[in-house]
Amino acid sequence: MTSLKVALVQKSAAPNQKNENHRRMLQFIKEAAAMGADLVLFPEMWSNGYAPPFPKAFDEPLHPDFEQERKAWFADAVDIDSPYVKELQSAAAQFQIGVCATFLSQHQGKFQNTAILIDRNGRILLNYAKVHTCDFSLEKLLSHGTEFFVCDFEGVKIGVMICYDREFPESARVLMLKGAEIILVPNACNMNTARLNQLNARAFENMVGIAMANYPGKGWGGSCAFSPVVFDENGNNIDNVLLQADDISEQIYLTEFNIEEMRAYRKRETWGNAYRKPEAYTDLVSFTVQEPFIRT
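Here the residue numbering is sequential within each chain, running from 1 through the sequence in written order. Where totals are concerned, whole chains, interfaces and linings use all residues; where local detail is concerned, this predicted model gives features only for residues with pLDDT of at least 70, and gives and counts side-chain atom pairs only at 80 or more. Working from all heavy atoms in the structure, the side-chain values ignore hydrogens and water.

### What about the side chain of Ser 137?
Right, on to step 1. Relative to the elements of secondary structure, Ser 137 occurs in the loop between β5 (124-129) and β6 (150-153).
Right, on to step 2. In protein, a polar contact requires one atom able to donate a hydrogen and another able to accept it; more generally it is a pair of N or O atoms within 3.5 Å, and residues adjacent in sequence count only if both atoms are side-chain atoms. Engagement of the side chain of Ser 137 in a polar contact is seen with the backbone oxygen of Phe 58, the distance being 2.9 Å. Numbering goes from the N terminus for both helices and strands, where a helix is a DSSP run of H or I of at least four residues and a strand is a run of E of at least two.

### Overview of helix α3 (residues 83-95)
Right, on to step 1. Across its 13 residues, α3 extends 18 Å between first and last C-alpha, which sits within 8% of the 18 Å expected from 1.5 Å per residue.
Right, on to step 2. Classification of residues uses two cut-offs on accessible area relative to the type maximum, computed with a 1.4 Å probe and protein chains only: under 20% is buried, over 50% is exposed, and between them is partly exposed. Considered for burial, the residues of α3 that qualify are Tyr 84, Val 85, Leu 88, Gln 89, Ala 91 and Ala 92. Across the axial projection of α3, the buried residues extend over an arc of 160°, all falling on one side. When the buried face of α3 is taken as reference, the exposed residues oriented beyond 90 degrees from it are Pro 83 and Gln 94.
Right, on to step 3. By definition in these notes, contact holds between two residues if any of their heavy atoms fall within 4.5 Å. Those residues of α3 hidden inside the fold are in contact with α1 (18-34), β3 (98-107), β4 (110-118) and β5.
Right, on to step 4. Of the residues flanking the end of α3, it is Gln 96, one or two places downstream, whose phi is positive at about 55°. For a helix, the expected span equals 1.5 Å multiplied by the residue count minus one. Relevant arc is that of directions from the helix axis to the C-beta atoms, nothing else.

### Section: the pattern of salt bridges
Right, on to step 1. Here a salt bridge means any side-chain nitrogen of Lys or Arg lying within 4 Å of a carboxyl oxygen belonging to Asp or Glu. Under the criterion given, the structure shown has 14 salt bridges.
Right, on to step 2. Linking Asp 152 and Lys 157 is a salt bridge whose minimum nitrogen-to-oxygen distance equals 3.4 Å.
Right, on to step 3. Among the residues examined, Lys 157 registers a relative accessible area of 33% and is labelled partly exposed.
Right, on to step 4. Of the charged contacts in the structure, one is a salt bridge between Arg 195 and Glu 167, with a shortest N-O distance of 3.1 Å. Within this pair, whereas Arg 195 is found in helix α5 (residues 193-206), its partner Glu 167 is found in the loop between β7 (156-160) and α4 (169-177), the two being separated by 28 residues in sequence.
Right, on to step 5. Accessibility expressed as a relative area gives 26% for Glu 167, which makes it partly exposed.
Right, on to step 6. Linked through salt bridges whose partners overlap, the residues forming this network are Glu 20, Arg 23 and Arg 24.

Shape is all these values report; function is a separate question.
Quick look at the structure:
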């Protein structure tokens, strides 16, 4: 594959309406395929629109007055072997498009924030649970993932990190070390300049392409794509922004990564894993947390 076309779904989901969001997902898969996309990417936890199960759940997820609402929220979690997922697999095969689908998942008693990558034949290539859960908020209710994964999508190495993963450089770094050339980022938060710059930095420092899809809304949206190529062969700086959506538009955006250009750039330039000194990084895997970072 010499290029990869990715459709970014910047559309609204229905709050905590799993079946309606499933219908919309199937429709947007069809639309993205008609646009000529190789792969379609949805925002984070599309199955429920990342909507809270009760008022102020983001601030007080364990409030004792809302046990029934929490149970109802968990009851809509998706099992990887369910008809819900199998219909997504069938749609990917029918419309010959890769699908990065997201949902609140359940597996062996755990509830997680999950993204899967399905190929054009309907096979699940990657099943990723968000590692950096927002434990200071609603995701305190969920179990975090413990590993990052990379898969082969028609010859292109693709990894996934979800929203808050973006704010930890280790996420994209591990994916790069595992061979990722493109990182998909399902998102659900306000998207300011600092967060956009984080994504651009992850692309630059790891020499990977980054594609992010977010929900529309005032101060949200901002679905984007960044190439890792920031210098041409003569050392001249070039704009690496492939796509930058506004905040409120409801649209499916199409972006294209030039895989051949990216590979040539990765082969000649100095970032990524070219000149790292891992023997100096042992503190990165320390479990010690000291002030001012200790949280109750």
